Amino acid sequence: VQSSSSAFAAVDSYELAPGESVTIASFYGKTDHIKKVLSIATTVTAKNYVQSKYARARSLMDQITSSVETNTANHLFNGAIKQMYMDNGLRGGLPNILGDVDEETKMSNADEDPRLKVYHTYSRIHGDLERDYNAFMIDPTYYSQGPGNYRDVAQNRRNDVIFFPRMGAFDIKMFLSYIQADAYEPLTVEAMAYLIEDPAVAQEVADKVCADEQSGKVLTAILTGGTFRPGQLFALNAQLNITLKVDDDAFINEVMAAASSTAMAVYGSGYWADHWEYYLDLIESYLSIYPDGEEELMYENELRYFFSTATVRPRSEKYVLDFSFDGKSKHVLQLDATFFDDEKVSEQEAFRNANTGLLGNDAYWQRIADGGQAFKSTPIAKLFLLGTIKFATRDAYGMGVEYEGGRPGWNDAMNGLPGMVGSGMPETYEMYLTLKYVKKVVDTYQRSLVIPIELSNLVGRIEDALSELLETGYTDPEELPADVPEELFNYWDVVAAAREDYRNDVQYYFNGTTVELEAEDVSTMLAGWIDQVELGMARARVIASRGVDDDGTSGVPPSYFSYNVTKWVKNGGKNEKGLPLVNAKAMRVGTFPLFLEGPVRYLKTVEDKEVKADMYDKVMASGLRDTKLNMYFLSANLEGQSYDMGRMMAFAPGWLENQSIWMHMSYKYYLELIRGKLYDQFFSEMRGGGMLPFMDPDVYGRSLMECSSFLASSAFPDPATQGRGFSARLSGTTAEFLSIWTLMFVGPKPFFLDDDGSLKMQLVPAVPSWLFEDEEDDAPGTYDDDGNLVISFKLFRSITVTYHNSEGKNLYGISPNGYKITKEDGEIVHVEGPVIPTEEAVAIRKVFGIASIDAYF
């Protein structure tokens, strides 16, 4: 794989003298007509064309990455930050604020002024052209953006608001709107689309921007003719000879200020179990900038429900009796968990445009029955719906969340796990945090929840089933049996049936009737659910993991379970292959080796620093540690595991998802270390070779600026390949790195509300002394006029922040003694103490009039 050529270039002939070299430039692309090829060839082969484009590309990269300009004693680290930021934008997109038409909009964020629109550019599937299996769609227009996979975009936009405060809660509202009535989400996120429905408004915009009457008529027709995107408008302007009297920026701002926006997505294939796990990350990022915006965000917005064309089957239609792989016995598998729902397709047909033949955007949002409008709920109500259904999807032992939608979590190489009636603890930990967050919001604001009546009915049946379970007096024995206790199985069976009935009720429409739940009742109910989840989490630590050199006593939380249906009855149905369908009557839990995601997600639920440190030690001592590379395996040794798990068992150990070093998951782990204030452990891992740019370049085999999807671990059979990075370069690793950068240089909550509810600001960095000066690595520091070591970085892409370290020590979770805030008009504000007062905090958050901040330690 390392020695094969990946591309060739055609050259007529070229003679090289000894020591000479030649650079060959190749162009790849597409055109909408073959007649244009000759003119394109003439353009790209013109003298200095390549050099000019190269220079422009470098200039553009410098412009983009200046947003995170960081100056420390380690120049490789400074460069890695820039590369991570750029690559993160290519995968998740870079936000643009459009609609700035007057001073009022320029002083507002997208939540405060509806004329402002957030539009991401650059984003595309996985972000990387090097992955030739991706079907890239990159529009050759201004403001180009392609579609992206849901989890990719959700993760890589996690820090958007930290770099672009003016976008407000845009990402949260967009992603929460994708939550479906069944608590699943589509696979692909498309670029936002826009529409101006009122012809008078469109005409008003045309009058402002068009140079002549005919151009105005054409533009008005375009703006009212259906949804559009910014790049399409510029292309149509050229194609239809629309003449403007304003520049391009003024044109697009006037259009976007008048337009309404709509989120776009595509169902894809199957329902992935992890898509919802990234919402709290988005919310936490937003609250670190807008702690004063939580109540309005959660209660004063209304969001639709995405409507996909697939439906999750009930257990009676997907529990299939079949022969085991050796043909010697029979077992129950969960197969074809979802189906393409023709009736949903028929429902969408009502929105097909007779002129264009395309489905209107309203086809993708679930409606109220009998021709009603799209059903809407507040964000907190949608989070409650999400938490409720995930709580009702716990496995028979009450531990993991079932993979009952046909797909596992992010690790799609475990594609056999749903068939094994599998479940995952990573989803349980996230569900636990979601329930706790909803409870916190309800307790804080003491406002009722308005939910659809169908969900209210489900909640009632869950509560009844839970009451019946508690009435049995069941408690876990000291040693848990593999066979699921009857009391727990019966609870699971009743709640799963209630969940299936709920989904049947909302399969096509909502009834439209809502129920109001009082805050106190919601809080009490969620407290009981949280208790049950905690019991399941503790139960999982007892059932534990099993594998090579793993007897289940490592203390590291397991990630996955499977369930063998030990008793069943045929229900008379057959699947499309003619195999009999069954109803489960008893189950036995199965275990797997350790996976790194288990402790990663578990650490998010832990608040005690000593408990976190103890878990760090346990992971270090477990089969998840690659002691040769000083990194962490994605999984422990999978030898002897069933091929039913999925395609990961077909890979050689140390390759891809089979015991390799999966960079993204490793960085998730590192993020939890610094988030948990385990600073010594975190920076030891960073400089010990586990993180870029501190790896050995000869071993890594790539630029130390670039991520890889995975590194071949020491388990890989070829020693020469061990530690080498593959499938570069864009991955979710960049999102974790930017979160780490934020914690290192800004702190977890730069903005907060004091006891009086006033907005304040406080920087709490976590920067080691060797980033100020590192004599061991011959990295001299920079000093201020008073002889203090300094480092600097960009806050909100424009405000230069300088840290003055008078003692040259580690700044681990320490706030400054004071600040000097320099405004753009030259005014200087001195602040004594660690907290920046309200007036300056507001100005800094608005990124208005602030040139620099000096913080003194």
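Conventions and cut-offs
- Residues numbered from 1 in each chain as written.
- Predicted model: local features only at pLDDT ≥ 70, side-chain atom pairs only at ≥ 80, totals over all residues.
- Heavy atoms only, no water.
- Phe/Tyr/Trp six-rings, centres within 6.5 Å; stacked < 30°, edge-to-face > 60°.
- Helix = DSSP H or I, 4+ residues; strand = E, 2+ residues; numbered from the N terminus.
- Buried < 20%, exposed > 50% of the residue type's maximum accessible area, 1.4 Å probe, protein only.
- Lys NZ or Arg CZ within 6 Å of the ring centre and 35° of its normal.
- Core = buried A, V, L, I, M, F, W, Y, C linked by side-chain atoms within 4.5 Å.
- Contact = heavy atoms within 4.5 Å.
- Salt bridge = Lys/Arg side-chain N within 4 Å of Asp/Glu carboxyl O.
- Expected span 1.5 Å × (residues − 1).
- Patch = residues over 30% accessible without salt bridge, like charges linked within 9 Å, V, L, I, M, F, W, Y side chains within 5 Å.
- Areas by Shrake-Rupley, 256 points an atom, 1.4 Å probe, with all protein chains shown as cover.
- Lys, Arg positive; Asp, Glu negative; His and termini not counted.
- Charge placed at Lys NZ, Arg CZ, Asp CG, Glu CD.
- Pairing = 2+ DSSP bridges.
- Axes fitted to C-alpha atoms, helices over the stretch in contact; angles between N-to-C directions.
- Parallel < 35°, antiparallel > 145°, perpendicular 65-115°, else oblique.
- Left-handed = near helix turned anticlockwise from the far one by under 90°.
- Nonpolar A, V, L, I, M, F, W, Y, C, P; charged D, E, K, R; others polar.
- Polar contact = N/O pair within 3.5 Å; in protein donor to acceptor, adjacent residues only side chain to side chain.
- Arc of directions from axis to C-beta.

What follows covers the packing of aromatic side chains. In the structure shown here, the tally under the stated rule is 52 aromatic pairs. Between Tyr-305 and Phe-375 the ring centres are 5.9 Å apart and the planes differ by 40°, which places this aromatic pair in the tilted class. With Tyr-305 in the loop between strand 7 (303-304) and strand 8 (310-312) and Phe-375 in the loop between strand 12 (367-368) and strand 13 (376-377), the pair connects residues that are 70 residues apart, well separated along the chain. Assigned by exposure class, Tyr-305 and Phe-375 land together as buried. Each ring, one from Phe-710 and one from Phe-726, has its centre 5.6 Å from the other, and the planes form 20°; the classification is stacked. Here Phe-710, found in strand 24 (residues 707-711), pairs with Phe-726, found in strand 25 (residues 725-729); they are 16 residues apart in sequence, far enough to count as distant. Exposure class is identical for Phe-710 and Phe-726. Each is buried. Between Arg-315 and the ring centre of Trp-492, over which it is positioned, the NZ or CZ distance is 4.9 Å. Note that Arg-687 overlies the ring of Trp-770, its terminal NZ or CZ placed 4.1 Å from the centroid.

All right, on to the nonpolar core then. In terms of nonpolar packing, the biggest core is built from 238 residues, with Phe-384, Met-587 and Ile-844 touching the most fellow members. Leave out the neighbours within four places in its chain, and Ile-844 touches Phe-751, Met-761, Leu-795, Phe-796, Ile-799, Ile-821, Ile-836, Ile-850 and Ile-853. Counting residues in hydrophobic clusters, the runner-up holds five residues, among them Tyr-184, Tyr-267, Tyr-271 and Ala-310.

Inspection of every chain in the model, using the stated rule, returns 44 salt bridges. Residue Glu-69 pairs with Lys-794 through a salt bridge whose shortest N-O separation is 3.9 Å. Of this pair, Glu-69 sits in the loop between helix 2 (49-65) and strand 1 (70-71) while Lys-794 sits in strand 30 (residues 789-795), and the two are 725 residues apart along the sequence. A relative accessible area of 30% places Glu-69 in the partly exposed class.

Turning next to helix 22 (residues 663-675). Taking 1.5 Å per residue as the helical rise, helix 22 with its 13 residues ought to reach 18 Å, and the 18 Å between its terminal C-alpha atoms agrees with that figure. Those residues of helix 22 that fall on the buried side of the exposure criterion are Met-663, His-664, Met-665, Ser-666, Tyr-667, Lys-668, Tyr-669, Tyr-670, Leu-671, Glu-672, Leu-673 and Ile-674.

This part covers the environment of Phe-164. Position of Phe-164 relative to the elements: it lies in the loop between helix 6 (160-163) and helix 7 (170-177). Among the residues examined, Phe-164 registers a relative accessible area of 9% and is labelled buried. Residues Phe-164 and Asn-96, spaced 68 residues apart in sequence, show a C-alpha to C-alpha distance of 8.7 Å. Contacts of Phe-164, omitting those with residues within four sequence positions, involve Tyr-85, Pro-95 and Arg-797.

A contiguous patch of negative charge on the surface is contributed by Glu-516, Glu-518, Glu-520 and Asp-521. Relative to the assigned elements, Glu-518 resides in the loop between strand 18 (514-517) and helix 19 (519-543).

What follows deals with the sheet that holds strand 4 (residues 148-149). Ordered in space as 4-5-6, the three strands form an open sheet in which the pairing is antiparallel. Sheet topology places strand 4 and strand 6 (260-266) at the edges, where each strand pairs with a single neighbour. As paired strands, strand 4 and strand 5 (residues 188-195) are joined by two bridges and run antiparallel to one another. Across the sheet, the residue bridging to Gly-148 is Val-189, located in strand 5.

A few words now on the packing of helix 15 (residues 379-391) against helix 16 (residues 425-445). Axis separation between helix 15 and helix 16 bottoms out at 9 Å; the angle between their running directions is 140°. Looking at the two axes, helix 15 sits oblique to helix 16. Here helix 15 runs over helix 16; the crossing is left-handed. Between helix 15, through Ile-380, Leu-383, Phe-384, Gly-387, Lys-390 and Phe-391, and helix 16, the contact on the second element is made entirely by Met-431, Thr-434, Leu-435, Tyr-437, Val-438 and Val-441. Tallied by class, residues from the contact of helix 15 with helix 16 come to nine nonpolar, two polar and one charged.

For Phe-307, the location among the structural elements is in the loop between strand 7 and strand 8. Along the sequence, Phe-307 and Gln-507 sit 200 residues apart, while their C-alpha atoms lie 9.3 Å from each other.

Our focus in this paragraph is the side chain of Arg-539. Mapped onto the secondary structure, Arg-539 falls in helix 19. Looking at Arg-539, its side chain comes within polar contact range of the main-chain oxygen of Tyr-397, at 2.6 Å. In this view, Arg-539 contacts Tyr-397, Gly-398, Met-399, Tyr-474, Asp-476, Leu-480 and Leu-488; residues no more than four positions away in its chain are not counted.

So, about helix 14 (residues 342-349). All buried positions along helix 14 are accounted for by Lys-344, Glu-347 and Gln-348. With its buried residues spanning 100° around the axis, helix 14 presents them on a single face. Every exposed residue of helix 14 that faces more than 90 degrees away from the buried side is listed here: Asp-342, Glu-343 and Ser-346. The secondary structure elements touched by the buried residues of helix 14 are strand 8, strand 12 and strand 17 (509-510). For helix 14, the N-terminal cap is Asp-341; the gap from its side-chain oxygen to the backbone nitrogen of Glu-343 is 3.1 Å.

Taken together, the side chains of Val-11, Tyr-14, Leu-16, Val-22 and Ile-24 define a hydrophobic patch exposed on the protein surface, amounting to about 450 Å² of accessible area. With respect to the element layout, Tyr-14 can be found in the segment before helix 1 (37-44). Residue Tyr-14 is classed as exposed on the basis of its relative accessible area, which comes to 55%.

What you see with strand 34 (residues 828-832) is a clean split: Val-829 and Val-831 sit on the buried side and Ile-828, His-830 and Glu-832 on the side with no burial. In this structure, strand 33 (residues 818-823) lies alongside strand 34, joined through five bridges in antiparallel fashion. Paired with Tyr-819 across the bridge in strand 34 is Val-831.

A few words on the packing of helix 7 against helix 12 (residues 279-289). Contact pair helix 7 / helix 12: the axes reach a minimum separation of 9 Å and the direction vectors enclose 160°. Looking at the two axes, helix 7 sits roughly antiparallel to helix 12. Our pair here, helix 7 against helix 12, has a crossing hand that is left-handed. Along its contact with helix 7, which presents Asp-171, Ile-172, Phe-175 and Leu-176, the element helix 12 presents Tyr-279, Leu-282, Ile-283 and Tyr-286. When the residues that make up the contact of helix 7 with helix 12 are grouped by side-chain class, the tally is seven nonpolar, no polar and one charged.

Along the chain, the position of Asp-626 falls in strand 21 (residues 625-626). Here Asp-626 occupies a buried position and makes no salt bridge, while the nearest side chain of opposite charge, Arg-625, is found at 7.4 Å. Polar contacts involving the side chain of Asp-626 include one to the side chain of Ser-714, which spans 2.7 Å. Excluding residues within four positions of it along the chain, Asp-626 makes contact with Met-631, Tyr-632, Phe-633, Ile-661, Ser-713 and Ser-714.

Once that is clear, we can look at unusual backbone geometry. Look at the link from Leu-692 to Pro-693: it is a cis peptide, with omega at 5°. Its location among the elements puts Pro-693 in the loop between helix 23 (679-690) and helix 24 (697-700). The backbone phi angle of Gln-446 is positive, close to 50°, even though this residue is not glycine. Along the chain, Gln-446 falls in the loop between helix 16 and strand 16 (449-452).

These figures come from the coordinates and say nothing about function on their own.
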